[in-house]
Each structure stands twice: as C-alpha cells, then as structure tokens.
Amino acid sequence: MFIVMIGSSEITDRNWEWDISRKNIEDIMEVLQFADQLSTDNVLQALKLLKVKILNNKMATPLCQKVTDIIVDYLRTMKPEGELEELCTAVLMALGFQSPGIVIFKLWDRWHNNLPPNCLLIAVGRLIHCQGAASYIGVTWAYTLRLLRMAQTEEDMLAICHVLKGLAISARKHLDLGTSDDEIMDITQEAVSFKAYLTLRLLFNRWSLKSNNKVTEQALVITGHLFFLMPPSKLKNQVNRLTRWLMTLISAKVTPFYISQCICQLMDALALSGCGGINLESQLENIIGILFNQLNETVEVSDPHSARNHSLALKAFYILTKLYNDQVVFLIRKNMQTSDPAKIVSALQVFMDVFQEVPQTQQLKNEVMHSVIIMIQEDLKPVRKALLNFIEMLSQHDYLAMPQGNVIINYVIKLSESDCSNEEDIQLMCSKILQMVSLPKLITLACQPSNTLAFVSLSRTATNMALKARSLGQFPYLSSFHLSPTQFISPQKLLTHLVTFSLKPYREGEFGVSSLRLLHALHPITSLHPVINSNVGQLWMKEIPQMLQILDDHTEKNLNQEEWEDRLLQFSGQSLVAINDDSWLEQLIKVVLERINYFSDGEEKTFLYKFFGFTLRTSRNMKLVKMMLLSILQSVHEDLQERQGIAVALSIVSMKHLKIVLDQLQVYSAILTDKGSSFILKLMKEHQQREWGLVCNIIYLSYSKIILESKGDIFTHLDDILAMVLQHYRNCIVEKDKNLKLEYLDALTKLTNILSSHPMAFQFKFPQKLEIVTFMVELIREEPLNSISSSIRLRAMNVITDFRKLRPLIEVEERTELLRTCYKSVLCLPPIEVLQKEASSSQEAHTTVDLFRETLQSLLRLMETLIVEMPSRIQHCLEERDQVKISATSALGYMLRQVDKFKPGLSTRREIYTFLVPLLLSIQDNNTEVVKACGGALTEWTNVIGWSSLTQTFRHTTLSDHIQVLEETCRYLVSTSKTQLVGDLLCQSFGFLKSPQSFLRAAAINFIGLTAKKLSMSQIHEDDVELLQNAIGSLRNDPVESIQSLVNTTLKKIDEYVNPGSVSTSRMSQLSNNIFKVTGMKTPKRKKRLFKSIKRERDDGDNQKKKIWKWLQRPLNSLRNRYNRRVKNIPLIIGNSDKSSVLSQVPTFESPPAEAGPTAK
C-alpha cells in the first residue's frame, strides 16, 4: 500500500505528512525503506516520529532488530550528514535503550574494509554505559581497537574516540562497583588493564597527537580515563613519555583544560597506587612547570573550561603535594622567587591551596618566611594582592609571631600608608591582616616614627580592636603596658606620641582625630593601672569628645592653630595633674627629652619643648624639677630652634618654680666662668668659643622668655642677673677675640630687647644698667677708627639703645661722653668709597657697606634713645653747666664736619638749618669758652650750608661782639633766604622764649627783633605779625626786669617796622582789615606769609620730645638719606641680627613736630 502511495503522483507530501502521524512503527519502517524517494524534510519528520515512538513504546526484540537493520542500512546507503545523521544516532540510542546488544552488534556487520558509520560508533560509545551493556564491553573494546588502526580522517577518529571513552568509563564504573555490581562484564579486570594499556599504546603509535585539534583533545580525555584502568607499574613506566607528550601539546597551544584534566587524572591514578614512582619524581619539575603554565592561563567567564582548568591544575598540585611534600614545596617556593609576576601569583595561589597538607615544621616555616621576605623585597605590584592573601593565611598559623614576622608586618604597614597609591581593596586586606597582630604590638607599631605615613590606618585598626575588646568586657591593654616596657610602648611614650600627632589634626586627613580616638578607646574609666586612675579616665571621657567636636566643626583652613595648641597643652597638663605621680612624670619627661632629640626641626619639636615645660611644671618634687631642668639645659642646642625651645620650656616651668629655674640657670652659667667644672675647656680649642657663645645664648634667651611670661616676680632678680651678665664676659674662661665678643653681644641683645620692651621694667631700678652701658662704651672705644670689620660697635650701641627708659637714667655728663664716643667711633670711619676700595672682593665690599649702613642707623637710634630717655634735658644740654655745654656743642660741630665730607644735597641742608637758631642763641652765653665752641660749630655749619661770607665771622666770634654777629646773621638770613625758611627759624626760636635760662630768653627776643628789623614788615601778613607780637608779648611779666624792658622795646620797634611813620597796634591793623571786608572795598596787594599754619604748644612731655626731635634728628635723618643716595644700589640693613630690613623699606623719621607758635605749613 505504501509503495503504491509513494509512487503515485496523486499523493502529495502534505497528505503524507498528515497521514504518517497516525502510523505505527511498522509503517514508518516501511516508509524509511524508500527514504531515497522522500524529501529531506520528510525523512527528518519520519526519524523524529520514529524516535518518539521507540522511546514511548516497549518493542519486541524482533521489531527492534528490524528497525535497527533498516536504520543501519539507511546509514550505509545514504550516508546522511548533519541533522539527519544526528537523528539517526538518536534513533539508534533509543533502540539501544531497549536492547543495547542489538545496536552494539551492528558493529560487526560487514563493512567491506570500511569503518562502520560514525553515528553508529557514536551511539555505541554512549550505549556502552547503559544497563545491560556490561556483557559487551570486552568484545566491543577488542573490535574497536581493530577499527582504531583503520581510522584516517578526523571524523572517523572522533567517532572511535566516543567508543573508547565510553568503554573506559563503563569499565571503570563496573570495576569500582566490584561484587555489588548487578551486571558482569564479559572481560576480567586483568584483561581490562591490558586493553587500557594497549589502547594507550595504539593511540600514541597509530595517531599523530601533536597538534591542536579535537582528536587530540578527545585523546587526552580517553587517556585520562585509561590511567585508572592500567596496571600501576605500566602507568609509572609511561610517565616520562606522557610528560614529554603533554609538554609538546602545550607548545601546540592545545586547550589548557584538557591538559590539566589529563595531568590531574594521571596524578590521581598514581596516588591510588600509593606512590608516584621514580619516573614521576624525576619529572616533578617539568610537571609542576606545566601546571604553573596552566594556572597562568586567563580565566574567561564565558568559557567554563577556563575556570575548570584552574581548579584541575590546583587539584593536581594538591595530589602531588601529598605524594612529594618537600619536593613540591621546594618547587613552589622556587616559582615564588622568580621575577615573573604571573608565576609568583600562581605559586602563591598553589601554596595556599596545598598549605593544609604541608606539615608545619620549623624548617618549613623558616623556608616559607625566607621566600616571603624575598617577595617583599622585590615588591612587584601585580603580586601584592596574592601576597597579602598568602600573608593573611600565614598569620592564621602564627607566622607573624616568628622573629621574621616583623618584616611582614612592616611590609603590610607600608602598604597601609596614606600616600600609597594602592587600591582600596589592598588597604582593606592590610587592615584585616593587622587585626591579627596583638593590640599592644599594633599600638607600638603605630607609634614608631618610621610608620608615620601609616599612622591613620594603624590607629584606626587599633581603635576598632580596642572598642571591640571593650564591648566584650575585655579592657584594652593600656593598663598593662607598663608591665612590658621593653617589648611594647610605654604609657608615657604613647601619651607623648598621640598628643604630638594631634598637633596637626588635619595632616593626612585625620591625624588628630585618629590620635584622640585611639587615646579615648585605650583608656576605660575602670583602668587597672596603678597610676592612670579613674580621674584620668573621667577627664579624657569629657575632654576628648569636646576636642573631637572642635575638629569636626573646623577645617585645616579655619582652625586657629595657636588656640588648638594651647588646648592640647592644657589637656596634657590636666592629665598630668590627674595622674599625680612623680615617678610616672619622671618617665614621661625622659620620654619627651628623647623625643625632642629625635626631631631635627619642625613644629613638633617646638611643641615638645612646651610639653616638657608643662609636664615639669606639674611636678611637686623639687629634686625632680632641678634634675630635669639641668637635663634639658644640657641637651642638644646647636640649632636656634633648639635653644629657643629650651628657653620656652624653662619659661613655662618658671611660672610655678621661678626660684628653682633661676637657681639652675645660675648653676648652669658656671660653665662660662668656672675653669674647674666647665666642660667647654674639654672640647677642642677651635670649638670652645663657639660652645661658650651657644651656652651664653641659651642662658640669656631663657631669661628673655622668663621675662615675657613673668607677672613681675622676675624683676626683683633682674639686677642680680645683669650683674652675672657682666661677670660672664669679664670672667670668661676662653680666649676673648672678636668672634667671642660678637657671640656675647648677640646673646645679650636678645635679653636687653625683651627687657626694654616689657611694660613693668620701668617700675624698677637696675643699677647694673649703668655698668653695662659703661662696658658697652668700652667695647665701642676698642673698635678701630680706620676700618669696620665687625658689628661689635653696632651691637654695643643697640644694647645701650635697649636700655633707653630703664632706671636709673644716664646723667647728662655721661650721655655727652657717650655721644662723643659714638660719634667718633662711627663718623671717623673712612668714606664708603675708601671702604669699598680696601675690600679684597666685591662680596666683602658689599658686606662692608651693609655693615657701615647698619652701624650708622644704630647711631641714629642711639641718639633717639637719649632723647626719649631724658627729653627735658636734651635740648637744654646747651643750657647746662659750662663744661657740659662745651662738650655737647663741640660734638655737634664734629658731626657737622663729618657731614660736610659727603657734600650734602638740598634736603640734608634744609634739615641742618635747624641747628642755626640754638647755636646763635647760645653764642650769647656769658662764658667765653661756650661762645668759642658755638662759634666753631657755626663755622662748620656755614661750610655745610654754603654761607661762606659768615664763616670768618663765626670763627672769630667773641663774647663782646655777639650782638653784632647776631645782627649780621639775621641780615644775611633775610637777604639770601626764602620767606618760608625765615618763618621756620623764627618759629623755632619761639621755643627758647620759655627757656629757664634768662640769657636764652633774651637772646631769642633779640633774634626775633633783629630778624623783623631786616624784613619788610609792612609786607608781612597781619596774622603773622600778630603772632610775632604775641610770642614776644608772652614775656611781658618775665621775672627778669631787663627782659620785660627788652620785650617792650622790641614790640615797639616791630610796630614801627609794620607801620613806618606812625605808631599802630596790631588791634588797629586788624580793625582796618575788617573795614575792608565789610565795606567791600578792595584790599591792598596780598601780603607775604611767614607761617603757613598755626599750632599752639602743649606743655607736656610728648610735645617737648617732638621739639627736640625737630632740631636734632631731622639732620641725622637727612644724613641717612644722603648715604642712601651715595650707594643707592647697595641695600642698607638696619637693626640687630634678629630684626633687620632694607633701608629702602624703612620709612624715614617723622617730620619735625610743631613748635610753639607758627610753623611751616
């Protein structure tokens, strides 16, 4: 019927498709017999339906045999491919499930020297696993080996591989089941072993398995299964050959998974035999090399084989380690010490995987630590994560407690540093490892200076550990640190370190926060420490949160650093008061001193000196205070910061122990004067003077800081201190040369600067001041007048200047001699041009000029000092006893002679005009020597100003012709000078109208009258005339009758000068002027103004000082400007060594203040 239907053209494929679904297996079989006449789709449809029918129906054996025959015939004749071939395999598999022997035996059909169809081979390879197939394993294996020899194409080889793989797996399964197996194989175990060995040999000998293809991959799979079936002895003999083959396959780039799987199966099979054998041991290095290569392969998420490759390689290592423990560990360590990061990472991964199987002998631990240290020293970045994982594992086995463990810990700490470029996960790994270190040791490490950059990380970890311990009821170990001071950091060091680190709270983000939090976490209130008791805990629980809140509320930019430092010091001081234990304090002080010596410079060192002071100030043990003061005085003091720090520390201690501090300074100062006890003399001679100067510097700087901090108590001791200051130099135990003088003066200046600026200093008398001033004058006199090679005279004048207001004040005679000495020492020096010419180099010339300018400025300041010291006497130094007047006037003449050498310009000349009036008035003194001195000074004055016609007049002035001299001078003044200058000089003379010396009042009246006589008073403005008349009129009631008469005569003459031919008063002149204004009539031609503005004199000390400054200092200011112009390209350094500035940056002295009466506008 089917034959007719198929052959009929009237039957369509569609009708057949509709009809076939209702057919049974027999009908489909008949259809397939004519498969060559059907379309591919119809054949596919029939095969699919047939597979379903077979799977869903129990078939009789004859029917099963018949269907199998039809399918095999179809395969033989049609040789289907692709989906058709796969469906044929599926149908054969379905048939084999019902009767595997029927399908398997089809292999023995006559194939005319050809291989059976591949799909049949594939089906047999799969069916051999099925229930009931055990009895066919032997015969099938024997026949398959025959087929193996015939296979030529890759497809045929792959099909045979399916059979061989199935046979090996099935045979091993039944062998493993042994007597419990329900089925019995048709082959013995010995025969299976032989077949397996033979198969391995045939695969190697018949097929070329050296290239990267599927056949090689399947051969590796089969070989791996065969290892478990072969006799152990045979397998061990094949290890060398297998190893070479595997190495060849690696070179051929065969998929790593298959190689790793094969090696793993080989190791597993050998391990089952109890030992690996000699060949395996000899091939260990090669095999381990292969496995490391496999581990180096990249794991692809999309490729499950790549992940399996790693796990299989690690399993192989694990098995190998069990077989050859020492050798494998050695080879793993060997790879750990290579320079290839990939190999190192793999080695670490392997070691971690096999670590549990390795007996932890001391020798192994030492070897492992050696390898780890080498990796740490290399520190290859790609290795870090793997190494940290390995270190974490080691730490779980107490490796960090070994002596070499510190190397590992230090490495982990390095990776924890805040400026490290490591990823966050590395930082977390480091933190995890550090948590396995004991808390005392971790804190000790955190406080080591070498771990500063990792402090934040370490302290954070330690804080978490401490808080965790506290939450578990286990108090942190701060209370027991004192029990092992040599092993762990002491409480004193810890406190010092954390407080110091809190100084810069925002360093590295959170230095201060980390320090305070750690301190807070380490000290529970219920501390067991015998010293750090509950008072400290209560203080810290209150204060530290407040300090943390301050840091949270501020940033590095807006935190007041000075206030924060004070807060830290106060916190420290309160903590020490709460501790209340001098033994504890003693240890703390020693720690601070040790820490001070560690730092070379910086804010931390400065802070530690203050911390030292606060700590020692807390102590009530006077013996301890003395001992520690001596210790810090004897500490390193080469740098200025160190000397200042020592001084600050002493000043802080002095706030509570002033007498002890002063006593210890006196004891220490014996180094400067006591040859028997001074260590200075034990130094090499070239270092003695330097050390003497440093010690001196420390002592005087300490006194200075103590003065600053003192509330007044120090001043009762200051005169004794000044007396010691003199003795230090006079009894100096080393050679006194220029350098020693400079060191001494430099140190002394630091003291005198502070002393002279303290507001309370003026309430006390210091008799030793005069001794020091005298000593300074001696030093100035000792300086050569033909050269300026040092700053000794400059510094000596600075010291005198610093004493300007201290009592007792210097008497006039001494001041005069002082000025004379200073003038001579400075103004007798050669001109700048000569000094430059005598210099040996341009640098020396520049230095000499700078020093000359500084010295000149020091002289100017000294003159100011004498003005400020006794303002009421300076101007009247020309009015005092004759000898004083003569000396002062001669000194002024000498100064003017020196000024003339520099050819002063207009501005200097203008200032020097102010000397004219005092000298002119003093020339009317009744003492001929005074007149002579004034004449000499006026002679020098005319040379400077250029009034050569008066030079001879002044040079030969006598007491009898002083009025004539005055008149000639007034005439020359009016005839050659501008009205403004005349007015300025008249204004200056007004001050002498109130002189206590009657002759000076009379002389001032004469000067005003004679000047008015030479002026055209009728052309002078009425206001100025009135001022002149009022100034003179103020003396109408002078106690000296002759002056009263002179006043009336002069006023009358002035009226005549103003209104020639009539007597008019100033009142009439004013009235006339008012009439012009009221009537609107034009006023006469504008009159000249003598005075530009009017200022009334205030009879107080400040105004008096201003008047003096006007006539004395303005010329000196101009002198300085003159020097500046002469050497304008060379900066002038002004001031002492601590405070200096370039002259061009220093403002000039203020303009001379107003005198009584009219002044220049």
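Residues numbered from 1 in each chain as written. Predicted model: local features only at pLDDT ≥ 70, side-chain atom pairs only at ≥ 80, totals over all residues. Heavy atoms only, no water.

Visitor: Would you mind going over the overall build of the protein chain with me for this structure?
Guide: Within the protein chain, the secondary structure is distributed over 55 helices and 4 strands. Contacts in the protein chain between residues at least 24 apart in sequence constitute 76% of all its contacts with a sequence separation of at least 6. Carbon and sulfur atoms form 50% of the exposed surface of the protein chain, whose accessible area is close to 52,000 Å². (Helix = DSSP H or I, 4+ residues; strand = E, 2+ residues; numbered from the N terminus. Contact = heavy atoms within 4.5 Å. Areas by Shrake-Rupley, 256 points an atom, 1.4 Å probe, with all protein chains shown as cover.)

Visitor: When you look at the packing of helix H12 (residues 214-226) against helix H15 (residues 256-272) in this model, what are you seeing that I'm missing?
Guide: Any two packed helices are characterised by how steeply their axes cross, that is the angle between the axes, and by the distance between the axes. Packing of H12 against H15 leaves a shortest axis separation of 8 Å and a crossing angle of 15°. Of the possible angle classes, the one that applies to H12 and H15 is roughly parallel. Relative to H15, the crossing made by H12 is left-handed. In contact with Glu 217, Leu 220, Val 221, Thr 223, Gly 224 and His 225 of H12, H15 contributes Tyr 258, Ile 259, Gln 261, Cys 262 and Gln 265. Of the residues assigned to the contact of H12 with H15, the class counts are 5 nonpolar, 5 polar and 1 charged. (Axes fitted to C-alpha atoms, helices over the stretch in contact; angles between N-to-C directions. Parallel < 35°, antiparallel > 145°, perpendicular 65-115°, else oblique. Left-handed = near helix turned anticlockwise from the far one by under 90°. Nonpolar A, V, L, I, M, F, W, Y, C, P; charged D, E, K, R; others polar.)

Visitor: Would you explain the side chain of Thr 969 in this entry?
Guide: As for its placement among the helices and strands, Thr 969 is situated in helix H49 (residues 962-976). Look at Thr 969 and you get buried, because its relative accessible area is 1%. A distance of 2.8 Å separates a polar side-chain atom of Thr 969 from the backbone oxygen of Val 965. Among all residues touching Thr 969, those that are not within four sequence positions of it are Leu 916, Leu 920, Trp 947, Leu 950 and Phe 954. (Buried < 20%, exposed > 50% of the residue type's maximum accessible area, 1.4 Å probe, protein only. Polar contact = N/O pair within 3.5 Å; in protein donor to acceptor, adjacent residues only side chain to side chain.)

Visitor: Can you help me understand helix H38 (residues 768-782) in this one?
Guide: Every α-helix carries 3.6 residues per turn, so stepping three or four residues along brings you back to the same face. Under the 1.5 Å per step criterion, the end-to-end length of H38 is 21 Å for 15 residues, consistent within 8% with the ideal 21 Å. Among all positions of H38, only Gln 768, Lys 769, Ile 772, Val 773, Phe 775, Met 776, Val 777, Leu 779 and Ile 780 are buried. (Expected span 1.5 Å × (residues − 1).)

Visitor: Is there a simple way to think about helix H34 (residues 640-673) in this case?
Guide: Along its 34 residues, H34 runs just 23 Å from first to last C-alpha, ending more than 12% under the 50 Å computed at 1.5 Å per residue. At His 657, H34 shows its largest bend, some 125°. (Bend = angle between axes of the 7 residues up to and from the residue.)

Visitor: Which parts of the structure should I look at to understand the packing of aromatic side chains?
Guide: Any aromatic ring pair is given by two values, namely how distant the centres are and how the planes are angled relative to each other. As enumerated under the stated definition, the model contains 24 aromatic pairs in all. Judged by centre distance (6.3 Å) and plane angle (40°), the rings of Trp 692 and Tyr 744 are tilted. One end of the pair, Trp 692, is in helix H35 (residues 685-709); the other, Tyr 744, is in helix H37 (residues 738-757), and 52 residues separate them in sequence. For the pair shown, Trp 692 and Tyr 744 are each scored as buried. Over the face of the ring belonging to Phe 228 we find Arg 172, whose NZ or CZ atom lies 3.5 Å from the ring centre. Taking NZ or CZ as reference, Lys 234 lies 4.9 Å from the ring centre of Tyr 197, over its face. (Phe/Tyr/Trp six-rings, centres within 6.5 Å; stacked < 30°, edge-to-face > 60°. Lys NZ or Arg CZ within 6 Å of the ring centre and 35° of its normal.)

Visitor: Just checking my understanding: could you explain a nonpolar patch on the surface for this structure?
Guide: Taken together, the side chains of Phe 105, Trp 108 and Val 139 define a hydrophobic patch exposed on the protein surface, amounting to about 260 Å² of accessible area. Among the structural elements, Trp 108 can be located in the loop between helix H7 (100-104) and helix H8 (118-127). (Patch = residues over 30% accessible without salt bridge, like charges linked within 9 Å, V, L, I, M, F, W, Y side chains within 5 Å. Salt bridge = Lys/Arg side-chain N within 4 Å of Asp/Glu carboxyl O.)

Visitor: Is there a simple way to explain the environment of Ile 288 in this structure?
Guide: Turning to its location among the elements, Ile 288 is positioned in helix H17 (residues 284-295). Each C-alpha atom of the pair Ile 288 and Ile 332 lies 8.2 Å from the other, and the pair is 44 residues apart in sequence. The residues contacting Ile 288, other than those within four sequence positions of it, are Phe 317, Leu 320, Val 328 and Leu 331.

Visitor: Looking at this structure, how should I read the state of the cysteines?
Guide: Formally, a disulfide is one covalent bond, and it connects the sulfur atom of one cysteine to the sulfur atom of another. Under the counting rule described, the total for this entry stands at 0 disulfides. With no disulfide of its own, Cys 119 has Cys 88 as its nearest cysteine by sulfur position, at a separation of 5.5 Å. Under the relative-accessibility criterion, Cys 119 is labelled buried at 1%. The closest cysteine sulfur to the non-disulfide-bonded Cys 732 is located on Cys 696, 8.7 Å from its own sulfur. Overall, Cys 732 belongs to the buried group, its relative accessible area being 12%. (Disulfide = S-S within 2.5 Å.)

Visitor: I tried to follow the pattern of salt bridges on my own but got confused; where do I start?
Guide: Side chains that carry opposite charge are capable of pairing whenever their charged atoms lie near each other. Evaluation of the coordinates by the stated rule reveals 30 salt bridges. Between Glu 510 and Arg 460 there is a salt bridge, and its shortest N-O distance comes to 3.4 Å. One end of the pair, Glu 510, is in the loop between helix H27 (491-501) and helix H28 (511-522); the other, Arg 460, is in helix H26 (residues 455-471), and 50 residues separate them in sequence. Put simply, Asp 1038 and Arg 1001 hold a salt bridge, and the shortest N to O gap is 2.8 Å. In this pair, Asp 1038 sits in the loop between helix H52 (1022-1033) and helix H53 (1041-1058) while Arg 1001 sits in helix H51 (residues 998-1014), placing the two residues 37 residues apart along the sequence. Each member of the pair, Asp 1038 as well as Arg 1001, carries the same accessibility label: buried. Among the ionic contacts, a cluster of salt bridges with common partners joins Asp 69, Arg 76, Lys 106 and Asp 109.

Visitor: Honestly, the confidence of the model for the protein chain in this entry has me stumped. Any pointers?
Guide: Segments scoring low in pLDDT should not have their predicted coordinates read at a detailed level. Scored by pLDDT, the protein chain comes out at a mean of 82, with 84% of its residues at no less than 70. Within the protein chain, H34 carries the highest mean pLDDT (95), whereas strand S3 (residues 1141-1142) carries the lowest (28). Confidence over residues 871-879 falls short of pLDDT 50; this stretch has 33 contacts with residues more than four positions distant or in other chains. (pLDDT = per-residue confidence, 0-100.)

Visitor: Which parts of the structure should I look at to understand the packing of H34 against H35?
Guide: Orientation of H34 relative to H35, taken along the N-to-C sense of each, is 145°, at an axis distance of 8 Å. Like other packed secondary-structure pairs, H34 and H35 cross with a definite hand, here left-handed. For the contact of H34 with H35, the class distribution of residues is 21 nonpolar, 7 polar and 3 charged.

Visitor: Just to check I follow, could you spell out unusual backbone geometry for this structure?
Guide: Across the chain, the bulk of peptide bonds are trans and the bulk of non-glycine residues have phi less than zero. In this model, Arg 807 is joined to Pro 808 through a cis peptide bond whose omega is 0°. In this fold, Pro 808 is placed in the loop between helix H39 (792-802) and helix H40 (812-827). The backbone phi angle of Lys 79 is positive, close to 45°, even though this residue is not glycine. Inspection of the secondary structure puts Lys 79 in the loop between helix H5 (61-78) and helix H6 (82-98). One non-glycine residue, Asp 398, lies in positive phi territory at about 65°. Inspection of the secondary structure puts Asp 398 in the loop between helix H22 (384-396) and helix H23 (405-415).

Visitor: What is the right way to read the side chain of Ser 514 from this model?
Guide: Tracing the backbone shows Ser 514 in helix H28. Its relative accessible area of 6% is what places Ser 514 among the buried residues. Among the polar contacts made by the side chain of Ser 514, one reaches the main-chain carbonyl oxygen of Glu 510 at a distance of 2.8 Å. Apart from the residues lying within four places of it in its own chain, the contact partners of Ser 514 are Phe 455, Val 456 and Ser 459.

Visitor: What's the story with the environment of Glu 86 in this structure? I'm lost.
Guide: Along the chain, Glu 86 turns up in helix H6. A residue is classified by how much of its surface remains accessible, and Glu 86, at 57% relative accessible area, is exposed. Considered as a pair, Glu 86 and Ala 123 are 37 residues apart in the sequence and their alpha carbons are 9.8 Å apart.

Visitor: I would appreciate a short explanation of the environment of Ile 28 in the present structure.
Guide: Mapped onto the secondary structure, Ile 28 falls in helix H3 (residues 25-32). Take Ile 28: its relative accessible area is 0%, and that puts it in the buried class. On a C-alpha basis, the gap between Ile 28 and Val 67 in space is 9.5 Å, while along the polypeptide they are 39 residues apart. Leaving out residues up to four positions away in the same chain, Ile 28 has contacts with Ala 46, Leu 49, Leu 50 and Lys 53.

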